[in-house]
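Listed here are the chains, written in short residue letters.
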Amino acid sequence: MTNLAVSTVSGILNESPHCYAGGSARKRVKQAAAELGYRPNFLSRGLRLGKTNTLGLIVPSIHTDVTLSKIELIETLAWNSGYNVFIV
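Reading the values: rules and limits
- Residues numbered from 1 in each chain as written.
- Predicted model: local features only at pLDDT ≥ 70, side-chain atom pairs only at ≥ 80, totals over all residues.
- Heavy atoms only, no water.
- Helix = DSSP H or I, 4+ residues; strand = E, 2+ residues; numbered from the N terminus.
- Rg over C-alpha atoms; globule rule 2.2 N^0.38 Å.
- Buried < 20%, exposed > 50% of the residue type's maximum accessible area, 1.4 Å probe, protein only.
- Contact = heavy atoms within 4.5 Å.
- Phe/Tyr/Trp six-rings, centres within 6.5 Å; stacked < 30°, edge-to-face > 60°.
- Lys NZ or Arg CZ within 6 Å of the ring centre and 35° of its normal.
- Patch = residues over 30% accessible without salt bridge, like charges linked within 9 Å, V, L, I, M, F, W, Y side chains within 5 Å.
- Areas by Shrake-Rupley, 256 points an atom, 1.4 Å probe, with all protein chains shown as cover.
- Salt bridge = Lys/Arg side-chain N within 4 Å of Asp/Glu carboxyl O.
- Expected span 1.5 Å × (residues − 1).
- Polar contact = N/O pair within 3.5 Å; in protein donor to acceptor, adjacent residues only side chain to side chain.

A. Main features of the overall build of the chain. Looking only at helices and strands, one finds four helices and two strands in the chain. Written out in order from the N terminus, the α and β elements of the chain read α-α-α-β-α-β. Scaling as 2.2 N^0.38, a compact globule of 88 residues should have a C-alpha radius of gyration of about 12 Å, whereas the chain reaches 17 Å, well beyond that. Dimensions of the chain, computed from C-alpha atoms along their principal axes, come out at roughly 50 × 30 × 15 Å. Expressed as a percentage of its 88 residues, the buried residues of the chain come to 19%. Within the chain, contacts between residues at least 6 apart in sequence are counted, and of these 53% link residues at least 24 apart.

Laid out in structure tokens, this is it:
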């Protein structure tokens, strides 16, 4: 889709300081990622980095609207901060 090397795409998506891709390549990669609905896999990244950035959330019941809205808020805040939420 972008005709770029996997390592270049990875460098752009991870905002690596060692990625020297130009502006047009960065734009193509970010546009393709948006079109494909790309979301980084924090668990895969955790294997490489040695930490998962995963939060565990234990809830007694998810059968009420209040609980569901709170869970969604927690998930959104965690995701925006670079964390994944595991709900039990």
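Past the structure itself, the notes keep going.
B. Geometry of the packing of aromatic side chains. What the rule picks out here adds up to zero aromatic pairs. When the ring centre of Trp79 is taken as reference, the NZ or CZ atom of Arg39 above it lies at 3.9 Å.

C. Structural detail: a nonpolar patch on the surface. Among the surface-exposed residues, Ile58, Phe86 and Val88 lie close enough to one another that they form a single nonpolar patch of about 370 Å² accessible area. When you line up the elements, Ile58 lands in the loop between strand E1 (54-57) and helix H4 (65-80). What makes Ile58 exposed here is its relative accessible area of 73%.

D. H4, seen in detail. In this model H4 runs 22 Å from its N-terminal to its C-terminal C-alpha over 16 residues, within 8% of the 22 Å that 1.5 Å per residue would give. Where H4 ends, the next residue or the one after it, Gly82, has phi of about 90°, a positive value.

E. Expanded view of helix H3 (residues 42-49). Two or three places before Ser44, at the opening of H3, Asn41 has a side-chain oxygen 3.0 Å from that residue's backbone nitrogen. Downstream of H3 by a residue or two, Gly50 has a phi angle that is positive, lying close to 85°.

The values are spatial; any link to function lies outside them.
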